[in-house]
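# Coordinate analysis (summary)
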Amino acid sequence: MGKEVESLLELKDKIEFEFRCFYLDQMRTSKENIFAHSKEIELKKQLHEELLVLAEGSRDEKVNGLLKAQSNLLESAYGFVTDVQKQDQKGPGIQGQLARALELWVSFLTGQLMGQAAG
């Protein structure tokens, strides 16, 4: 198996594992708690799917390595997307545009990486 394919599988496994942990953690709580967190659960389901698409489409080893290095990829993406949604409440928002929000997130992460390398 080639290094690129192996790296892609590792990233997809990480995404799947993190989502599975989140989902199982939510499902072990009360119905009331699940209902209270339904918006978060739905957004994370969508992010899970979009992260898999992002991983499949990315051939950049630096980006894949950066994504794999995140302590919790799903939580990091969720935090970024919800922050962008809060800041963009007056405009059309990014609702339904998670792919674009994840592109912004990756740009933010790679910019941070480049900033650290320059500093």
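Refer to the structure presented above.
The paragraphs below set out a description of the structure included in this document.

How each quantity is defined
- Residues numbered from 1 in each chain as written.
- Predicted model: local features only at pLDDT ≥ 70, side-chain atom pairs only at ≥ 80, totals over all residues.
- Heavy atoms only, no water.
- Helix = DSSP H or I, 4+ residues; strand = E, 2+ residues; numbered from the N terminus.
- Contact = heavy atoms within 4.5 Å.
- Buried < 20%, exposed > 50% of the residue type's maximum accessible area, 1.4 Å probe, protein only.
- Polar contact = N/O pair within 3.5 Å; in protein donor to acceptor, adjacent residues only side chain to side chain.
- Axes fitted to C-alpha atoms, helices over the stretch in contact; angles between N-to-C directions.
- Parallel < 35°, antiparallel > 145°, perpendicular 65-115°, else oblique.
- Left-handed = near helix turned anticlockwise from the far one by under 90°.
- Nonpolar A, V, L, I, M, F, W, Y, C, P; charged D, E, K, R; others polar.
- Expected span 1.5 Å × (residues − 1).
- Phe/Tyr/Trp six-rings, centres within 6.5 Å; stacked < 30°, edge-to-face > 60°.
- Lys NZ or Arg CZ within 6 Å of the ring centre and 35° of its normal.
- Core = buried A, V, L, I, M, F, W, Y, C linked by side-chain atoms within 4.5 Å.

Turning next to the side chain of lysine 44. If you trace the backbone, lysine 44 turns up in helix H3 (residues 38-57). Every residue in contact with lysine 44, bar those within four places of it in the chain, is listed here: Phe19, Phe22, Leu74, Glu75 and Tyr78.

Another aspect to go through is the side chain of histidine 48. Mapped onto the elements of the fold, histidine 48 is located in helix H3. Given the relative accessible area of 7%, histidine 48 is considered buried. Among the polar contacts listed, one links the side chain of histidine 48 to the side chain of glutamate 49, at a separation of 3.3 Å. Those residues in contact with histidine 48 that lie beyond four places of it in its chain are Ile15, Glu16, Phe19 and Leu74.

What follows covers the packing of H3 against helix H5 (residues 73-87). The interhelical angle for the contact between H3 and H5, taken along N-to-C directions, is 115°, at an axis separation of 10 Å. Considering the angle they form, H3 stands roughly perpendicular to H5. For the pair H3 and H5, the crossing hand works out as right-handed. Residue-level contacts link Glu40, Leu43, Lys44, Leu47, His48 and Leu51 of H3 to Leu73, Leu74, Glu75, Ala77, Tyr78, Val81, Thr82 and Gln85 of H5. Looking at the contact of H3 with H5 residue by residue, the classes come out as eight nonpolar, three polar and three charged.

With that settled, the discussion passes to the environment of valine 81. Tracing the backbone shows valine 81 in helix H5. Sequence separation between valine 81 and leucine 47 is 34 residues, and the spatial gap between their C-alpha atoms is 9.2 Å.

This brings us to H5. Here H5 contains 15 residues, and its C-alpha end-to-end distance of 21 Å stays within 8% of the 21 Å for a straight helix at 1.5 Å per residue. All of the buried residues along H5 are Leu73, Leu74, Ala77, Tyr78, Phe80, Val81, Thr82 and Val84. Sitting at the head of H5, asparagine 72 places a side-chain oxygen 3.3 Å from the backbone nitrogen of leucine 74.

One pair of aromatic rings is described through two measures. These are the centre distance and the angle between the planes. Evaluated as defined, the whole model comprises three aromatic pairs. A ring pair is formed by phenylalanine 19 and phenylalanine 22, whose centres lie 6.3 Å apart and whose planes are at 45°; its orientation type is tilted. With phenylalanine 19 and phenylalanine 22 both in helix H1 (residues 3-27) and three residues apart, this pair spans about one turn of that helix. On the basis of relative accessible area, phenylalanine 19 is assigned to the buried category, the value being 13%. Residue phenylalanine 22 is classed as buried on the basis of its relative accessible area of 9%. Grouped by ring-pair contacts, the aromatic residues Phe19, Phe22 and Tyr23 constitute a single cluster. Seen from the ring of tyrosine 78, lysine 44 lies directly overhead, with NZ or CZ sitting 4.7 Å from the centre.

This next bit is on the nonpolar core. Within the largest apolar cluster, 26 residues are counted, with the highest numbers of intra-cluster contacts made by Ile15, Leu47, Leu51, Leu67, Leu73 and Trp105. When contributions to this core are tallied by element, the ones reaching two or more residues are H1, H3, helix H4 (61-69), H5 and helix H6 (98-118). The dominant element in this core, judged by the number of residues it contributes, is H5, at seven residues. Ignoring sequence-local partners within four residues, the contact set of leucine 67 consists of Leu11, Lys14, Leu54, Leu73, Trp105, Val106 and Leu109.

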